[in-house]
Amino acid sequence: MPASMDVIDIEALSLTFETGDGPVQALSGIDLKIAKGDFVSFIGPSGCGKTTLLRVIADLEQPTGGSISVNGTTPELARLDRAYGYVFQAPALYPWRTIARNVALPLEIMGLTRAQQEERIARNLALVNLTGFEKKYPWQLSGGMQQRASIARALAVEPDLLLMDEPFGALDEIVRDHLNEQLLQLWAKTKKTVVFVTHSIPEAVYLSTKIVVMSPRPGRIHDIVESDLPRGPRPLDIRETPEFLKLAQRVRDGLRAGHSYDD
Amino acid sequence: MTKPTFFRHSVVPVLTVIAAIIALWYVAALFMNHSMVVADAQLKGLAFTPSATWYRSWALDKPLLPAPHQVVAELWRSTAGLSVTSKRSLVYHGWVTLSATLLGFLLGTLLGIFLAIGIVHQKVMDKSLMPWIIASQTVPILAVAPMLIVVLNAIGISGLLPKALISTYLSFFPVVVGMVKGLRSPEAIHLDLMRTYNADDFQVFTKLRWPASVPFLFASLKVGIAISLIGAIVGELPTGAVAGLGARLLSGSYYGQTIQIWAALFAAAFLAGMLVLVVGWSERIVMRLMGARPERRAA
Ligand SMILES: Nc1ncnc2c1ncn2[C@@H]1O[C@H](COP(=O)(O)OP(=O)(O)O)[C@@H](O)[C@H]1O
Ligand SMILES: [Mg+2]
């Protein structure tokens, strides 16, 4: 195999949903390469196909045109290989399971022993600061804590690829900053590849090595911004630096340009 | 919730309604039995004062409509007043009906769950079975029950099982309908999650569909247990059964023993209420074990 370093390689990909009132072109002409260890954000107005693109990578939607490879193989084989962890926009915890048993869910399915499960549960709950909440049920936790539990559940699979769909979208600013910082530290430490959907410019610029600016109708890539901020853990106040603001401005311009024609 | 408001909001209205029903019942008994008393008096050449006529209307041996106190007295006599092994004890007859009810309910529940699992997992079963399942319930059970019992008797099956099978026939239906809905109730996002883990159908079933369907199962069981009891009673009617609440109803009507009929009716209603309560309690226990948020009752 021509071993490219790309974890994800997408070429001329398109996806059209057949709906009751005719076809909806959700994605069109998507070309994107994501290298191992990248932290890539998809940003764009709602309805521009961010979720759909992430779901195509995860083999939860089937593209209607173009090609895509994940880990050098098809998304389906990558999924069957449990190559990625997926964090949905909502926590999607099972209400009848405690937090610990929710984290254990993928581990049970993977057939890990009880001891292995316990070890991974403890380690990943600690990682998202939820130690001590093992026996709680989801409804007993705040929205932010539930989302952290769902991140712990995705991490417990120990995937090299993490797909996250607006995981912090519903959280307040302070919690979000904190989780952003933690996520970046985790990424720097574990050298995972992360694909992250957001509609927040500061979040995208703060986290990413590469920012994919998308525009709607049909969903497509408007601009790909390579970040020149240092890789690895970044202090939160990097957001005040001129380099950061310049990147943010470029992303903002991209979003504006992508938007302008239908105003 | 404080005690006085509980009293005002629950106890008082319930008692008021019961008192109203009892009062209406006495009035109805008076109207329905009055002419019997008058006819009887004419026959014997007697003349009763109005108050004596009233009193007698509520104390006839075989009234058209027995008065509440007569039914209560009969209930008391045939439960507490007799050994439970006596052939006239309502406890004995209640037990006979209850055992058929429970057996039929158990079989119906298992059958219903089994069919629902098949229907949810096999498109062919969904298409081929569902119309028949619905059609099965459009057949009047009163017509089917005698045939079923006679046929089963002919092949040597008698006693508990034929009655139980009528309960099964009635009670599997709400279970199928509820469980099909319940097993299909998981949200798309919960199913997607399973897909990202490459879970197989069995894992999706045990870890997602089954637990998600539990509230639906209990809703079905509450209906199922009540109609199981009806099934068992209906099953006792055409056989000339010697035991069971259905048999009491039937023999009561043969001999014009209206008081006995009403007592059996009340025993059946009481049994149904208790069975539904027991299902409700188990539901609460199971839901608590499954970590459900304790429900806050609306005032
Ligand atoms: N399952 C679906 N069926 C039909 N249309 C869909 C479906 N999922 C998404 N879409 C449409 O595709 C477009 C992109 O949606 P989505 O990827 O969710 O956007 P985003 O995540 O950027 O907000 C939208 O117009 C949406 O209505
Ligand atoms: Mg989205």
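Residues numbered from 1 in each chain as written. Chains lettered and ligands numbered in written order. Predicted model: local features only at pLDDT ≥ 70, side-chain atom pairs only at ≥ 80, totals over all residues. Heavy atoms only, no water.

Chain B goes by ABC transporter permease in an unreviewed UniProt entry, where it is assigned to Pleomorphomonas diazotrophica. What the UniProt record of chain B gives under Subcellular location (unreviewed entry) is the line "Cell membrane". Quoted verbatim from the Sequence similarities (unreviewed entry) field of the UniProt record, the comment on chain B reads "Belongs to the binding-protein-dependent transport system permease family." (UniProt positions renumbered as here; feature names shortened; annotations may be inferred.)

## Things to note about the site of ligand 1
Residues and elements named next belong to chain A. Taken together, Phe17, Thr19, Ala26, Ser46, Gly47, Cys48, Gly49, Lys50, Thr51 and Thr52 are the residues near ligand 1. A distance of 3.3 Å separates an oxygen atom of ligand 1 from a polar backbone atom of Cys48. Between ligand 1 and the protein, one listed contact pairs an oxygen atom with a backbone N or O atom of Gly49 at 3.1 Å. A total of 560 Å² of accessible area belongs to ligand 1 in isolation, and the protein chains cover 62% of it. Elements supplying a minimum of two residues to the shell around ligand 1: β1 (6–19) and α1 (50–57). The biggest single contributor to the shell around ligand 1 is α1, with 3 residues. A breakdown of the residues in the shell around ligand 1 according to their chemical character gives 3 nonpolar, 6 polar and 1 charged. (Near = heavy atom within 4 Å. Polar contact = N/O pair within 3.5 Å; in protein donor to acceptor, adjacent residues only side chain to side chain. Areas by Shrake-Rupley, 256 points an atom, 1.4 Å probe, with all protein chains shown as cover. Helix = DSSP H or I, 4+ residues; strand = E, 2+ residues; numbered from the N terminus. Nonpolar A, V, L, I, M, F, W, Y, C, P; charged D, E, K, R; others polar.)

## Here we look at the environment of Ala122 of chain A
Relative to the elements of secondary structure, Ala122 of chain A occurs in helix α4 (residues 114–127). Residues Ala122 of chain A and Ala152 of chain A lie 30 residues apart in sequence; the distance between their C-alpha atoms is 9.7 Å.

## Observations concerning the packing of aromatic side chains
Residue and element names in this part refer to chain A. Counted under the stated rule, the structure contains 12 aromatic pairs over all chains. Ring centres of Phe39 and Phe196 lie 5.8 Å apart, and the angle between their planes is 45°; this geometry places the pair in the tilted category. One end of the pair, Phe39, is in strand β3 (residues 39–43); the other, Phe196, is in strand β7 (residues 193–198), and 157 residues separate them in sequence. Under the relative-accessibility criterion, Phe196 is labelled buried at 0%. Considering the side-chain rings of Phe168 and Phe196, the 5.9 Å spacing of their centres and the 55° angle between planes classify their relative orientation as tilted. (Phe/Tyr/Trp six-rings, centres within 6.5 Å; stacked < 30°, edge-to-face > 60°. Buried < 20%, exposed > 50% of the residue type's maximum accessible area, 1.4 Å probe, protein only.)

## Digging into the domain arrangement of chain B
In many reports, interface size means the accessible area that the parts give up when they come together. Residues and elements named next belong to chain B. Parsing chain B into structural domains produces domain 1 (3–64) and domain 2 (90–289). The centre of domain 1, based on its C-alpha atoms, is set 37 Å off from the matching centre of domain 2. Taken together, the 6 residues of domain 1 in the interface contact 7 residues of domain 2. For the pairing of domain 1 and domain 2, the buried interface totals around 430 Å² over both sides, and the portion due to carbon and sulfur atoms is 55%. Area buried by domain 1 at its contact with domain 2 is led by Trp25, Lys62 and Pro63, which between them contribute 76% of it. Taken together, the links from domain 1 to domain 2 amount to 0 salt bridges. If you look at where domain 1 meets domain 2, you find 2 residue pairs in polar contact (both at pLDDT 80 or more). Split by residue class, the side of domain 1 that touches domain 2 holds 4 nonpolar, no polar and 2 charged. (Domains from an automatic or database assignment. Contact = heavy atoms within 4.5 Å. Buried area = accessible area lost by both parts, 1.4 Å probe. Salt bridge = Lys/Arg side-chain N within 4 Å of Asp/Glu carboxyl O.)

## Regarding the pattern of salt bridges
Counted according to the given criterion, the structure contains 25 salt bridges over all chains. Linking Lys210 of chain A and Glu226 of chain A is a salt bridge whose minimum nitrogen-to-oxygen distance equals 3.7 Å. Of the two residues, Lys210 of chain A sits in strand β8 (residues 210–215) while Glu226 of chain A sits in strand β9 (residues 220–226), which places them 16 residues apart along the sequence. Its relative accessible area of 11% is what places Lys210 of chain A among the buried residues. In this structure, Lys163 of chain B engages Glu236 of chain B in a salt bridge whose closest nitrogen and oxygen atoms are separated by 3.1 Å. Residue Lys163 of chain B is located in helix α7 (residues 160–183), and its partner Glu236 of chain B is located in helix α9 (residues 201–236); the two are separated by 73 residues in the primary sequence.

## So, the UniProt feature "transmembrane region" (unreviewed entry) in chain B
Residues and elements named next belong to chain B. Residues annotated in UniProt with the feature "transmembrane region" (unreviewed entry) correspond here to residues 12–32, 95–120, 132–155, 161–180, 216–239 and 259–281. With 100% helix and 0% strand, the stretch residues 95–120 has end C-alpha atoms that lie 37 Å from each other. With 79% helix and 0% strand, residues 132–155 has end C-alpha atoms that lie 25 Å from one another.

## Here we look at the sheet that holds strand β5 (residues 84–87) of chain A
Residue and element names in this part refer to chain A. Across the sheet, 6 strands lie side by side as β5-β6-β7-β3-β8-β9; this open sheet has mixed pairing. Each having just a single partner strand, β5 and β9 make up the two edges of the open sheet. The mean angle between the axes of side-by-side strands here comes to 15°, regardless of whether they run parallel or antiparallel. Pairing analysis gives 4 bridges linking β5 to strand β6 (residues 161–165), with the strands arranged parallel. Bridge pairing links Gly85 to Leu162 in β6. In the packing of helix α5 (residues 143–156) onto the sheet, the strands contacted are β5 and β6, and the crossing angle to β5 comes to about 170°. (Pairing = 2+ DSSP bridges. Axes fitted to C-alpha atoms, helices over the stretch in contact; angles between N-to-C directions.)

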